[in-house]
Every structure is written in C-alpha cells, then in structure tokens.
Amino acid sequence: PGAVVEGNKVAAATAGKGAFEVTLSGLEFGTTYYYRAYAINKAGVAYGAEMSATTVQPVLATVTTAEVTNAAGETATCGGNITADGNSPITARGVCWGEAENPTVEGNKTEDGTGKGEFTSTMTGLTVGKTYYVRAYATNDAGTAYGEQKTFATIEPTLPEVATSNVTELTSTG
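Below, the structure is looked at part by part. (Residues numbered from 1 in each chain as written. Predicted model: local features only at pLDDT ≥ 70, side-chain atom pairs only at ≥ 80, totals over all residues. Heavy atoms only, no water.)

### Regarding a nonpolar patch on the surface
The cut-off we apply is this: Patch members must show over 30% relative accessible area and no salt bridge, and they are joined within 9 Å when carrying like charges or within 5 Å when they are nonpolar side chains of Val, Leu, Ile, Met, Phe, Trp or Tyr. Here, Shrake-Rupley sampling with a 1.4 Å probe gives the accessible areas, and only protein chains in the shown set may cover a residue. One speaks of a salt bridge when a side-chain nitrogen belonging to Lys or Arg is within 4 Å of a carboxyl oxygen belonging to Asp or Glu. Strands here are runs of E lasting at least two residues and helices are runs of H or I lasting at least four, both read from the DSSP assignment and numbered beginning at the N terminus.
Where nonpolar side chains cluster on the molecular surface, the patch consists of Val10, Phe20, Val22, Leu24 and Leu27 and spans about 400 Å² of accessible area. Inspection of the secondary structure assignment puts Leu24 in the segment before strand 1 (32-35).

And the structure:
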C-alpha cells in the first residue's frame, strides 16, 4: 500500500486529459500489487484511488493431439489444439515423437509457433516400418503440457494407380 510516483511507475503513451491505459510487466506470479493512477502538472502530483490486484498463478496449458496422417516414407503429419493457455502465454508449441512411449520435448520435436489454437506439424527423418509415439505439446510459464499419445508406423510409399481412358468426342481440332 501507499504507491507513489517515486516508486515503480509506467507513464502513459500520451499526456493530457482523458482516459489512458498502461501495461505492467515483470510482475511475480501470485503476488498482490497496489497501484493508482497519477497526473503531474505545475501544481504537483495528483493521485487516483489506490487499488490492488493479485496476479494469477499459471497452470499447465490444455492441449490435445491430432490424428497422424500421411505417414509414408520419412515423413508424417500430426498437430494439436491448445484450448486453454493456463493463465500464461504459450511460448512454444508443436509435436514431439520417438520410438519409446511418452516422448518429450527433450527428444525429436517440431516448433510450430506460439499461442492458443490449432496447429499442424510435419515430422521428418522417420524410418519406414518403425512404430513411433507422438504427443502434441504446449509450453507456458508453468511448464510443458502434453496431449494424449498417438501411435503410428510409416509405410513405404507406393506408386499411385493410374488408368487411361479412351478418347471420346474426337474432332479435327480437339
């Protein structure tokens, strides 16, 4: 309590009368902070009412793993969906895979951006005929959360079947 302009402060982007908004950063999780607006003119410093807010403790994100598709040759496609960020921005997301169950980000992984929502990943460097385990992951300030594990095996790519049809409606120009 007792926040004053001589302590920690963030200046508004513009000066003058009217409403303003600032963003505070570098705060500790689960901590109560006291704050109040201030304005300075030739007469001195004026303060608004003091208020308080407690920062939330982040928890692991909620993430699901998509089905594996296109598992042929040395690549396969998978992905996931981050439906809740756990009160903290998602700083990394993707899929991790390996030949042992419950793969983690310490092994093979993709990096597919940040934030909530759906994403798609391409796993590379796979060996044809091996069984792999894959999980989607999302990292925030609370740590790394994993989606459910999926299992897949890559297959040898084969040539597509192609059929040639007879020509119909033949004319002198087409």
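### Let's talk about the environment of Ile82
Definition in use: Contact definition: two residues touch when any of their heavy atoms are within 4.5 Å.
Among the structural elements, Ile82 can be located in strand 7 (residues 75-84). Considering only alpha carbons, one finds Ile82 and Thr65, 17 residues apart in sequence, at a separation of 9.1 Å. Leaving out residues up to four positions away in the same chain, Ile82 has contacts with Ala61, Thr62, Val63, Ile90, Arg93, Gly115, Lys116, Gly117, Phe119 and Ala138.

### Things to note about the pattern of salt bridges
To keep things clear, this is the line we draw: Only protein chains enter the accessibility calculation, which uses a 1.4 Å probe. A residue is then buried if its area is under 20% of the maximum for its type, exposed if over 50%, and partly exposed in between.
For the structure on display, the rule yields four salt bridges. With its nearest N and O atoms 2.7 Å apart, the salt bridge here joins Glu67 to Lys150. Taken together, the residues Glu67 in the loop between strand 5 (62-65) and strand 6 (69-72) and Lys150 in strand 13 (residues 150-153) connect sequence positions 83 residues apart. The shortest N-O distance in the salt bridge between Lys109 and Glu111 comes to 3.7 Å. Accessibility expressed as a relative area gives 36% for Lys109, which makes it partly exposed.

### Quick notes on the pairing of strand 3 (residues 44-47)
The cut-off we apply is this: Note on pairing: two strands pair once DSSP finds at least 2 bridges between them.
Judged from the four bridges that link them, strand 2 (residues 38-41) and strand 3 form a sheet pairing that is antiparallel. Bridge pairing in strand 3 links Tyr38 to Tyr47. Counting the residues that bridge the hairpin from strand 2 to strand 3 gives two residues.

### Regarding the packing of aromatic side chains
Convention followed: Ring pairs shown here join Phe, Tyr and Trp side chains whose ring centres sit within 6.5 Å, with only the six-membered ring taken for Trp; geometry is labelled stacked below 30 degrees between planes, edge-to-face above 60, and tilted in between. Definition used: whenever NZ (Lys) or CZ (Arg) falls within 6 Å of the ring centre and also within 35 degrees of the ring normal, the charge is taken to sit over that ring.
Within the structure shown, the criterion is met by one aromatic pair. The interplanar angle of 25° and the centroid separation of 5.6 Å between the aromatic rings of Tyr132 and Phe152 together place this pair among those described as stacked. A residue pair is termed long-range when its members are at least 10 positions apart, and Tyr132 in strand 11 (residues 131-140) and Phe152 in strand 13 qualify at 20 residues. Here the two residues Tyr132 and Phe152 agree in accessibility, since each one is buried. Directly above the ring of Tyr47 sits Arg36, whose terminal nitrogen or CZ lies 4.0 Å from the centroid. The cationic tip of Arg135 hangs over the ring face of Tyr146; the distance from NZ or CZ to the ring centre is 4.0 Å.

### Topic: unusual backbone geometry
Most peptide bonds take the trans configuration, and most residues that are not glycine carry a negative phi. Positive phi, close to 55°, is recorded for Asn70, a residue that is not glycine. Examined against the element boundaries, Asn70 turns out to sit in strand 6. The backbone phi angle of Asn102 is positive, close to 55°, even though this residue is not glycine.

### Things to note about the environment of Thr14
Residue placement: Thr14 occurs in the segment before strand 1. Taking relative accessible area as the criterion, Thr14 reaches 63% and is therefore assigned exposed. Along the primary structure Thr14 and Lys130 are separated by 116 residues, whereas in three dimensions their C-alpha atoms are 61 Å apart.

### Details of the side chain of Asn140
Inclusion rule: For the purposes of these results, a polar contact is taken to be a pair of N or O atoms within 3.5 Å, where, inside protein, one atom must be able to donate a hydrogen and its partner to accept one; residues adjacent in sequence count only when each atom of the pair is a side-chain atom.
The topology assignment puts Asn140 in strand 11. Overall, Asn140 belongs to the buried group, its relative accessible area being 6%. In terms of polar contacts, Asn140 uses its side chain to reach the backbone carbonyl oxygen of Val59, at 2.8 Å. There is a polar contact of 2.8 Å between the side chain of Asn140 and the backbone nitrogen of Ala142. What Asn140 contacts, discounting residues up to four positions off in sequence, is Val59, Leu60, Ala61, Asp85, Gly86, Ser88, Pro89, Ile90 and Thr91.

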